[in-house]
Amino acid sequence: TKGDFDVMYIGTLHPFHREQAEAALHAGKHVLVEKPVTTNYADAKALVDLAQATQRFFSEGIWTRYFPAVEEARRLLDERVIDEVMMVQADFGFDAGDTGDSEDSDFFNPSLGGGCTNYVTVYPISHITFALGPHPTIMSAIGSIHPDRKVDLNNSVSLAYPARKIAVAISSVTAETPEETHIIGKKGRITINTPAHCPTSYTLSIKNSGRGD
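Here is a short report on the structure shown in this document. Residue numbering note: each chain is counted from 1, following its sequence as written. Whole-chain, interface and lining totals are the exception, using all residues; otherwise, since this is a predicted model, local features are given only for residues with pLDDT of at least 70 and side-chain atom pairs are given and counted only at 80 or more. Side-chain metrics in this entry use all non-hydrogen atoms of the structure; hydrogen atoms and water are not considered.

1. Some thoughts on the environment of L204
Then comes step 1: Among the structural elements, L204 can be located in strand β10 (residues 202–206).
Then comes step 2: What makes L204 partly exposed here is its relative accessible area of 35%.
Then comes step 3: It is 6.5 Å that separates the C-alpha atoms of L204 and T191, two residues lying 13 residues apart in sequence.
Then comes step 4: Any two residues whose heavy atoms approach within 4.5 Å are treated as being in contact. Setting aside residues up to four positions removed in sequence, L204 forms contacts with L76, V81, I82, R189 and I190. Put simply, DSSP H or I for four residues or longer makes a helix, DSSP E for two residues or longer makes a strand, and each gets a number counted from the N terminus. Only protein chains enter the calculation, and the probe is 1.4 Å; a residue is then buried if its accessible area is under 20% of its type maximum, exposed if over 50%, and partly exposed in between.

Below, the structure written as structure tokens:
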């Protein structure tokens, strides 16, 4: 961590992120960390505090935010092409068992930071906060847990925001979902097309005049 470079990208398994990011920050490096930045709030806060103390740039590396399709969606939102955003529906699911459903698979191993929330839910939640902001007033979730490995396999997260705005995220590591994000405004919607975590296109739909069009 003392070599001739300015920024370190940490892409190791989740439980090792804090220790490695701390080492990089102490060495004077700016740091990007693969999602999830850590596996709990305390570790994430410790890294943010350290980055502020060392005056280094520190960020979770959500690559989805920087795809051209997402940047264009951001422009449309900034220009209020669909007017005020009132609702977001986002999903991401696949069968992680196809990658090897064993105790050694990081998807299903709690000691390696496994589970649907850590690996998958971060993407639809990122789309929601992208469109509605990071501060919901109410959050609720339901999910299913692996009977032996005690990691979550599927979940649904509902968020409520001020001004009667809502969002829903559905995620899975046992079943494939359409993987689309619908950002719904008063005058239309923006759909970030599948695969929404690494999209190459979006669809803009403008509401016609008249109720229900």
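2. Some details on the packing of aromatic side chains
Then comes step 1: In this analysis, rings of Phe, Tyr and Trp, with Trp reduced to its six-membered ring, are considered paired at centre separations within 6.5 Å, and the interplanar angle assigns stacked below 30 degrees, edge-to-face beyond 60, and tilted for intermediate values. The tally for this structure, following the rule as stated, stands at 5 aromatic pairs.
Then comes step 2: Each ring, one from F92 and one from F94, has its centre 5.6 Å from the other, and the planes form 45°; the classification is tilted.
Then comes step 3: The exposure class assigned to F94 is partly exposed, which follows from its relative accessible area of 23%.
Then comes step 4: An aromatic cluster is present here, built from F92, F94, F107, Y119 and Y123 joined pairwise through their rings.

3. Observations regarding helix α4 (residues 116–132)
Then comes step 1: End to end, α4 covers 22 Å across 17 residues, agreeing with the expected 24 Å (1.5 Å per residue, within 8%).
Then comes step 2: The largest bend in α4 is about 45°, located at V122, with the proline P124 one to four residues further on.
Then comes step 3: Counted residue by residue, α4 has 14 buried out of 17 residues, so it is predominantly covered.
Then comes step 4: G133 occupies a position one or two residues after α4 and carries a positive phi of about 100°. Expected helix span is taken as 1.5 Å per residue step, with the number of steps being one fewer than the number of residues. The reported bend at a residue is simply the angle between two axes, fitted to the 7 residues ending at it and to the 7 residues beginning with it.

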